[in-house]
Amino acid sequence: MAECIFCQIVGGAIPAKKIYEDDQVIAFDDMNPQARVHVLVIPKRHLGSLDDTQDSDGALLGQLMIVCAKMARERGIVESGYRVVANTGRGAGQTVFHLHWHVLGGRSFEWPPG
Ligand code: AMP
Ligand code: ZN
C-alpha cells in the first residue's frame, strides 16, 4: 500500500534501523522506544492488523512469532523478561495500520498493562 509507512519501510523508501530480514518478515528499531529494547516485527505483505489475518496466514504468523523470540535473544532480554504486544484497533492504541508486534524489554513492566 503506497501510503502505508511500514510498506514504505519494507520497500526502502523510508529508512529504518533494520535488524532482521527474511523473505516474509523484517524487524527494525522503533523510532520512539518505550523501553531500552523496542523492536518492531512486521510482515512484508500489507495486512492492516491481526483482524485481517485468515487461516491461510498461519505460517506467516508463526514466522513472525519466531522472529520476535529471535530478536529478544539477540538483544539480550530473555533473562530479564520481555513483552510481545500487537495493539489491534484504535481503542487498543494501534496507530500504524500495518500488522506489527512490539518486542519490549530492558525494564520492568506492570500487569495489567495500561
Ligand atoms: P502502534 O501504536 O501499536 O500502531 O505502534 C506503531 C509504532 O510504530 C510506534 O511505536 C511508533 O513509534 C512506530 N513507528 C512509527 N513510524 C515509524 C518509523 N518510521 N520507524 C520506526 N518506528 C516507527
Ligand atoms: Zn503496509
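Now for a description of the structure that goes with this document. (Residues numbered from 1 in each chain as written. Chains lettered and ligands numbered in written order. Predicted model: local features only at pLDDT ≥ 70, side-chain atom pairs only at ≥ 80, totals over all residues. Heavy atoms only, no water.)

In this section: the coordination of the zinc ion (ligand 2). Around the zinc ion (ligand 2), the protein contributes the donor atoms Cys4 (SG), Cys7 (SG), His46 (ND1) and His98 (ND1), which lie 2.1 to 2.3 Å from the metal centre. Taken together, the four donor atoms surrounding the zinc ion (ligand 2) define angles of 105 to 117° at the centre, an arrangement classified as tetrahedral. When the donors of the zinc ion (ligand 2) are listed by position in the chain, the intervening gaps give C-x2-C-x38-H-x51-H. One end of the pair, Cys4, is in the segment before α1 (5-11); the other, His98, is in the loop between β4 (82-85) and β5 (101-105), and 94 residues separate them in sequence. (Donors = N, O, S within 2.8 Å, 3.2 Å for Na, K, Ca; no water. Tetrahedral: all angles 85-135°; square planar, octahedral: opposite > 155°, others 65-115°. Helix = DSSP H or I, 4+ residues; strand = E, 2+ residues; numbered from the N terminus.)

Around ligand 1, 16 residues are found, and the nearest of them are Asp30, Asn87, Thr95, Val96 and His102. At 2.5 Å from an oxygen atom of ligand 1 is found a side-chain nitrogen or oxygen belonging to Asp30. Here an oxygen atom of ligand 1 and a backbone polar atom of Thr95 are 2.7 Å apart. Contact with the protein chains covers 87% of the free accessible surface of ligand 1, which is 500 Å². Using a 2 Å cut-off from the grid points, one finds that ligand 1 occupies the largest pocket. Only α1 and β2 (25-29) provide two or more residues apiece to the shell around ligand 1. The element that contributes the greatest number of residues to the shell around ligand 1 is α1, accounting for three residues. Each residue belonging to the shell around ligand 1 can be placed in one class, and the counts come to seven nonpolar, seven polar and two charged. (Near = heavy atom within 4 Å. Polar contact = N/O pair within 3.5 Å; in protein donor to acceptor, adjacent residues only side chain to side chain. Areas by Shrake-Rupley, 256 points an atom, 1.4 Å probe, with all protein chains shown as cover. 1 Å grid on protein atoms, 1.4 Å probe; cavity = no way out; pocket = protein on both sides within 12 Å on 5 of 7 lines; lining within 4 Å. Sits in = over half its atoms within 2 Å of the grid points. Nonpolar A, V, L, I, M, F, W, Y, C, P; charged D, E, K, R; others polar.)

This paragraph deals with a nonpolar patch on the surface. Nonpolar side chains collect at one region of the surface, where Met65, Val78, Tyr82 and Val84 lie side by side and expose about 300 Å² of accessible area between them. Among the structural elements, Met65 can be located in helix α2 (residues 58-74). Taking relative accessible area as the criterion, Met65 reaches 36% and is therefore assigned partly exposed. (Patch = residues over 30% accessible without salt bridge, like charges linked within 9 Å, V, L, I, M, F, W, Y side chains within 5 Å. Salt bridge = Lys/Arg side-chain N within 4 Å of Asp/Glu carboxyl O. Buried < 20%, exposed > 50% of the residue type's maximum accessible area, 1.4 Å probe, protein only.)

Turning our attention to the layout of surface pockets. In this structure, the largest pocket spans a volume of roughly 770 Å³. Around the largest pocket, the lining is made up of 31 residues, and of these Asp30, Gln34, His38, Asn87 and His102 lie nearest the centre. Secondary structure elements with two or more residues in the lining of the largest pocket: α1, β2, β3 (37-43), β4 and β5. When residues in the lining of the largest pocket are grouped by element, the largest group, three residues, is from α1. (Points joined across faces, edges and corners; volume = space filled by probe spheres on them.)

This next bit is on the packing of aromatic side chains. The tally for this structure, following the rule as stated, stands at one aromatic pair. Seen in terms of ring centroids, Phe6 and Phe28 are 5.5 Å apart; in terms of plane orientation they differ by 80°. Their pairing is edge-to-face. In this pair, Phe6 sits in helix α1 while Phe28 sits in strand β2, placing the two residues 22 residues apart along the sequence. For the residue pair Phe6 and Phe28, the accessibility class agrees, reading buried in each case. (Phe/Tyr/Trp six-rings, centres within 6.5 Å; stacked < 30°, edge-to-face > 60°.)

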